[in-house]
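Below, each chain spelled out in residue letters.
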Amino acid sequence: HRDLVLGAEITNKNLLRAIRHLAWILVPGQRAQPIDYRHLGAEELGGVYESLLELVPRVDLDTRQFSLAHLSGNERKTTGSYYTPPALVSALLDASLDPALDEAVAAGHSPAEREANLLAVTVCDPASGSGGFLVAAARRIARRLAQVRSDEDEPTPEAVQRALHDVVARCIYGVDMNDLAAELAKVSLWLEALEPGKPLGFLDARIRVGNSLFGTTPALIAGGVPDAAFKEIEGDSKMFAAEVRKRNKNEATGQGLLSWADPDALAAANRRERALLLAPSDDVDDIRARGEAWDAYLTSDARQTLKRQADAWAAAFVWPLHDGTPLPPTTAVVRAMLDDDVAMQYPDTVDGVDRLASEYRFFHWHLEFPEVFGATTGDGLGPEGWAGGFTCMLGNPPWEQIELKETEFFAARDPEIAKATGAKRKSLIAKLATADPILDKEYRTEKRALDALRKFVSTGRYPLTGRGRVNTYSVFAELFRGLTAPQGRSGVIVPTGIATDATTQYFFKDLVETESLVAFYDFENRRKLFSDVDSRFKFCILSTSGRTLPAPSAWFAFFLDDPRQIEVSRFRLTPDEIMLLNPNTGTVPIVRTRRDAEITLGIYRRVPVLINENDPINGNPWGVSFMQGLFNMTSDSHLFHTRDQLEADGWTLAGNVFERGTDRMLPLYEAKMVHHFNHRWATQDGKDFRDVTDVERASADFEALPRYWVDAGEVKSAGGTEGPWFGFRDITNATNERTMVSSMWPTSGVGNNLPIATSAFQGWILIAVLSSFAFDFVARPKVGGSHINFFIANQLPVLPPTAFEGSVAWSSPTSRVSWISSRVAELAYTSWSMSDWATKIGDRGAPFIWNPERRRHLRAELDAAFFHLYGVHRADVDYMLDTFPIVRRRDEAEFGEYRTKRLIVENYDRMQECIDTGTEFVSTLDPAPGFGPRHPERTTDA
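Residues numbered from 1 in each chain as written. Predicted model: local features only at pLDDT ≥ 70, side-chain atom pairs only at ≥ 80, totals over all residues. Heavy atoms only, no water.

Caption draft 1: Structural context of the packing of helix 4 (residues 86-106) against helix 6 (residues 132-150). Where helix 4 contacts helix 6, the axes come no closer than 10 Å and their chain directions differ by 35°. At the point where helix 4 passes helix 6, the crossing takes the right-handed sense. Where helix 4 approaches helix 6, its residues Val 89, Ser 90, Leu 92, Leu 93, Asp 94, Leu 97, Asp 98, Leu 101, Asp 102 and Val 105 are matched on the opposing element by Phe 133, Ala 136, Ala 137, Arg 140, Ile 141, Arg 144 and Val 148. (Axes fitted to C-alpha atoms, helices over the stretch in contact; angles between N-to-C directions. Helix = DSSP H or I, 4+ residues; strand = E, 2+ residues; numbered from the N terminus. Left-handed = near helix turned anticlockwise from the far one by under 90°. Contact = heavy atoms within 4.5 Å.)

Here it is as structure tokens:
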């Protein structure tokens, strides 16, 4: 027997083979096991969908073989989609859906009212995938509905199933770009809501296919097409684009083309027609008729007219801008699209809009779900121009940079290009136009599509997150918020960067200032909740409220690795407390416990941040400014010279400076070369850096060697002055031994991973503050990734210059500056290269001898002093030092005890005793700090 479909044939043998694979699990050496389709649920369908996304079809024409391969260019990889474990889904529902259900029940005065309120709840996942979140939400609502109907805390399974049927038919909405995902979501919901004797619900109107991010709003349409929509991208003409922008700018101030269309009447008609499709029904014939009615609705005049205008507005961002293209949808043309008679004057433009709407799958939320978003005119409208929104937004949207990743794109299409790097890959791509025109067109089309999406999200639709190197997760987070009803809730799983990164600071600050933040639960992926995501990756559950439902405080929990830890780990912070901790950005510090938060808040109440951008007059007491090193390690590499190159060219090494006559090549310092009070932390040895030994540091003539040297003239041109430099390591981590590693080092070139600080006051005092344990404790929670960016450094609490006026409380005759300077000098001035700095602070002697044991005591005295100056209580000192586990482990391995803590606490206690008794603190060091052993003075001959 042969089965002929669309010209394709399959033999009975192969058909039977396919059926066997669908019906049985066949494992070599084991008995075949039947597949249990009877109990197939949303979780299993989610796993199937995820697996399908990982496969890329491969066809070998030579061997006539078809296969499914795991390649980096698969759809799951390129969209950043991940199946969410049920435990995380449940935790998200706890934080965001349950409060909405509580409010719905509480607002009802009778069982009938409570039932009506629950069935009026609307839940949406705008990146629904196979529907895991939607099914879980439907179950949660159904259980609550069954409790109300039965007046029992534990309703029967039959009661819950009846409620589930009603909930799926009325409350659940979803959108996805992938047709298969949308169909699987419907299947998942049908399987869950199946009730004997009743038809499957009509879900086509609620589970939709489209690009959730790429669409317009009533407010955006009313404002006209922005000029930036016509910024040229891949394949456009710069001159043509400029002309279109000029035309659009002129049209924006005019009245446009005369139109008699009434947008309010069209919107009302659209809502009425759609409402007929959504009325609940258990009649089989009625449900069957919905399909035909749905097709008629999609082509109805009101919907088509409104959609044509909205599509035209969105199409402006992707319109081909070069000679020969139809009239672009500028502001006047978009206004005209609302009138059928006027729009028909531009048939080519209308056709172009339709083609682009289909290609990019524009999705306009207020048109797709008008019953949810309600009125778009009158009072009470949100910033998007609609009055309503969903009761609860839920989901885990894709986490992916909006840019073409060439390795992933070509992995499934041309492995040779995927494996090539740098100039070779660019050359191969350039040759595609002649070598493989079809692939070349596909590549440029994909690149243009991503460029267009990036341009769109950066141009007004997402004002708080469409910044910098945009990631889909951040704009989805803003979309979630915009689609939430004024009294609604939103819950989204996104990377923790939503609360800590510079590009998302405006979004998070707005959440804080508007009291919209409800909960923020931070996770590390140590237990592989997401199996294909790095174990160190941090993500969070972010729960927010609608614009008219303020949250006076928010729940926080950090460093979780299991959703079950939330209840015992969480604590509350108010918006005022968050703004106190990060006044410039309103982002959140990642503190582990409420006690950490209390200690940190106490310090912030006593000590100002380094730079408060809200106070231009007194907000920068140190007069500090930063610059990202002097040289970029990549773009300035042509200025760098290696040791072999210089020695071959006749240069002579003196210390770590190369000399030739009067010319000098200065070392290029990198972050890895310096540490606290130590400009000789690591040195280049062969091809790699290694730690400098204490024996080497014992020589005042020894200097750490860099990888590269830079001409002294180039250093001066780049802004270099006479040293020393003050700064800190850019690359760090909250889980490192110490998070803030600041230092000072001699006059030199400086790489971009070693930011430089300049100060109007004594920079070495500032560096001493930044090197203290007290400061590091409050710096660590601010670092959410692997960098200390300037926006982080600016918001750290740094003792101001006024804190160093007068004498120290534990040694009243001694000024605070001299007490600290004497110790800093002995710690930092250990080689001749720092003699210029020593002279500046009044020390004209030889360098101090490097003595590890003496240095431990000097630093312990400084750390104890800074705990006092920061106003930290004794019990908190103990606690804070115990939060540095790597320091403890290293001490215990070397000394058999946590020696660093013991020395600091002993000095703290002795200082406190001196303060209490009015006696003078005497250092345990002999000779006293600042008078330690020095190297011999250099002779004139030397």
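After presenting the structure, the write-up continues.
Caption draft 2: Just the sheet that holds strand 24 (residues 756-758), in detail. Taken together, 4 strands build an open sheet; the order of strands is 14-24-21-22 and the sheet is antiparallel. On the outer flanks of this sheet lie strand 14 (625-627) and strand 22 (742-745), each paired with one strand and no other. The average angle at which neighbouring strand axes cross in this sheet is 35°, direction not considered. Pairing between strand 21 (residues 725-728) and strand 24: 2 bridges, direction antiparallel. Paired with Gly 727 across the strands is Ile 756, a residue of strand 24. (Pairing = 2+ DSSP bridges.)

Caption draft 3: Seen up close, the state of the cysteines. Per the stated rule, a full pass over the model turns up 0 disulfides. For the unlinked cysteine Cys 124, the closest cysteine sulfur is that of Cys 392, found at 10 Å. For Cys 171, which is in no disulfide, the shortest distance to another cysteine sulfur is to Cys 392 and amounts to 12 Å. Note on Cys 171: relative accessible area 0%, which makes it buried. (Disulfide = S-S within 2.5 Å. Buried < 20%, exposed > 50% of the residue type's maximum accessible area, 1.4 Å probe, protein only.)

Caption draft 4: Inspection of the side chain of Asp 636 at higher detail. Position of Asp 636 relative to the elements: it lies in the loop between strand 14 and helix 30 (643-648). This buried residue, Asp 636, is left without a salt bridge; Arg 707 holds the nearest opposite charge, at 13 Å. Not counting residues within four places of it along the chain, the set of residues in contact with Asp 636 comprises Leu 630 and Phe 631. (Lys, Arg positive; Asp, Glu negative; His and termini not counted. Salt bridge = Lys/Arg side-chain N within 4 Å of Asp/Glu carboxyl O.)

Caption draft 5: The pairing of strand 16 (residues 657-660), seen in detail. Bridging between strand 15 (residues 652-654) and strand 16 involves 3 bridges; their strand directions are antiparallel. Note that in strand 16 the partner of Leu 653 across the bridge is Phe 658. In textbook terms, the turn of a hairpin is the stretch between consecutive antiparallel strands, and for strand 16 and strand 17 (residues 663-669) this stretch comprises 2 residues, one of which, Gly 661, has a positive phi near 65°.

Caption draft 6: Structural context of the packing of helix 24 (residues 472-483) against helix 26 (residues 505-513). Axis separation between helix 24 and helix 26 bottoms out at 10 Å; the angle between their running directions is 30°. Compared by their axis directions, helix 24 and helix 26 come out roughly parallel. Our pair here, helix 24 against helix 26, has a crossing hand that is left-handed. Every residue of helix 26 that contacts helix 24 at Ala 477, Glu 478 and Arg 481 is listed here: Phe 507, Asp 510 and Leu 511. (Parallel < 35°, antiparallel > 145°, perpendicular 65-115°, else oblique.)

Caption draft 7: Up close: unusual backbone geometry. Cis rather than trans, the peptide bond between Asp 926 and Pro 927 has omega equal to 0°. Here Pro 927 is to be found in the segment after helix 41 (899-917). The backbone of Phe 677 shows a phi angle near 55°, a positive value even though the residue is not glycine. You can see Phe 677 is positioned in the loop between strand 17 and strand 18 (682-685). Take Phe 677: its relative accessible area is 6%, and that puts it in the buried class.

Caption draft 8: View of helix 16 (residues 347-360). Its 14 residues give helix 16 an end-to-end C-alpha distance of 20 Å, which sits within 8% of 20 Å, the value for a rise of 1.5 Å per residue. Residues of helix 16 that are buried include every one of Thr 349, Val 350, Gly 352, Val 353, Leu 356, Ala 357 and Tyr 360, and no others. Across the axial projection of helix 16, the buried residues extend over an arc of 160°, all falling on one side. Exposed side chains of helix 16 directed beyond 90 degrees from the buried face belong to Asp 348, Asp 351 and Ser 358. In this structure, the buried residues of helix 16 make contact with helix 13 (301-315), helix 14 (331-336), helix 15 (340-343) and helix 23 (437-461). Immediately beyond the C-terminal end of helix 16, within one or two residues, lies Arg 361, with a positive phi of roughly 55°. (Expected span 1.5 Å × (residues − 1). Arc of directions from axis to C-beta.)

Caption draft 9: Layout of the packing of aromatic side chains. Applying the stated rule across the entire model yields 45 aromatic pairs. Here the aromatic cluster, defined as three or more aromatic residues joined through ring pairs, consists of Tyr 173, Phe 363, Trp 365, Phe 369, Phe 373, Trp 386 and Phe 390. (Phe/Tyr/Trp six-rings, centres within 6.5 Å; stacked < 30°, edge-to-face > 60°.)

Caption draft 10: Seen up close, the pattern of salt bridges. Throughout the structure, instances matching the rule amount to 69 salt bridges. Where Glu 115 meets Arg 149, a salt bridge forms, and the shortest distance between an N and an O atom there is 3.1 Å. Of this pair, Glu 115 sits in helix 5 (residues 111-119) while Arg 149 sits in helix 6, placing them 34 residues apart in sequence. Of the residues examined, Glu 115 reaches a relative accessible area of 25% and is grouped as partly exposed. Between Asp 522 and Lys 538 there is a salt bridge, with the nearest N and O atoms lying 2.9 Å from each other. Taken together, the residues span a long stretch of sequence, with Asp 522 in strand 10 (residues 517-524) and Lys 538 in strand 11 (residues 538-545) at a distance of 16 residues. Of the two residues, Asp 522 and Lys 538, both sit in the buried class. Connected through shared salt-bridge partners, Asp 522, Glu 524, Arg 526, Arg 527, Lys 538, Asp 561, Asp 562 and Arg 564 make up one network.

Caption draft 11: The sheet that holds strand 13 (residues 571-573), seen in detail. Strand order across the open sheet formed by 9 strands is 7-6-5-8-9-11-10-12-13, with mixed pairing between neighbours. The sheet is open, and its two borders are formed by strand 7 (207-209) and strand 13, each paired with just one other strand. Averaged over all pairs of adjacent strands, the angle between strand axes in this sheet comes to 15°, irrespective of strand direction. With 7 bridges joining them, strand 9 (residues 484-495) and strand 11 adopt antiparallel strand pairing. Looking at the pairing, Pro 495 lines up with Phe 539 of strand 11. Most of the contacts of helix 4 go to strand 9, to which it runs at about 175°, and overall it touches strand 5 (123-125), strand 8 (390-395), strand 9, strand 10 and strand 11. Along the sheet, helix 8 (residues 179-193) contacts strand 6 (172-176) and strand 7; its crossing angle with strand 7, the most-contacted strand, is approximately 170°.

Caption draft 12: Examining the side chain of Ser 748 more closely. Tracing the chain through its elements places Ser 748 in the loop between strand 22 and strand 23 (749-750). A polar side-chain atom of Ser 748 sits 3.2 Å from the main-chain carbonyl oxygen of Pro 746. Ignoring sequence-local partners within four residues, the contact set of Ser 748 consists of Leu 630, Leu 666, Pro 667, Tyr 669, Val 715 and Trp 725. (Polar contact = N/O pair within 3.5 Å; in protein donor to acceptor, adjacent residues only side chain to side chain.)

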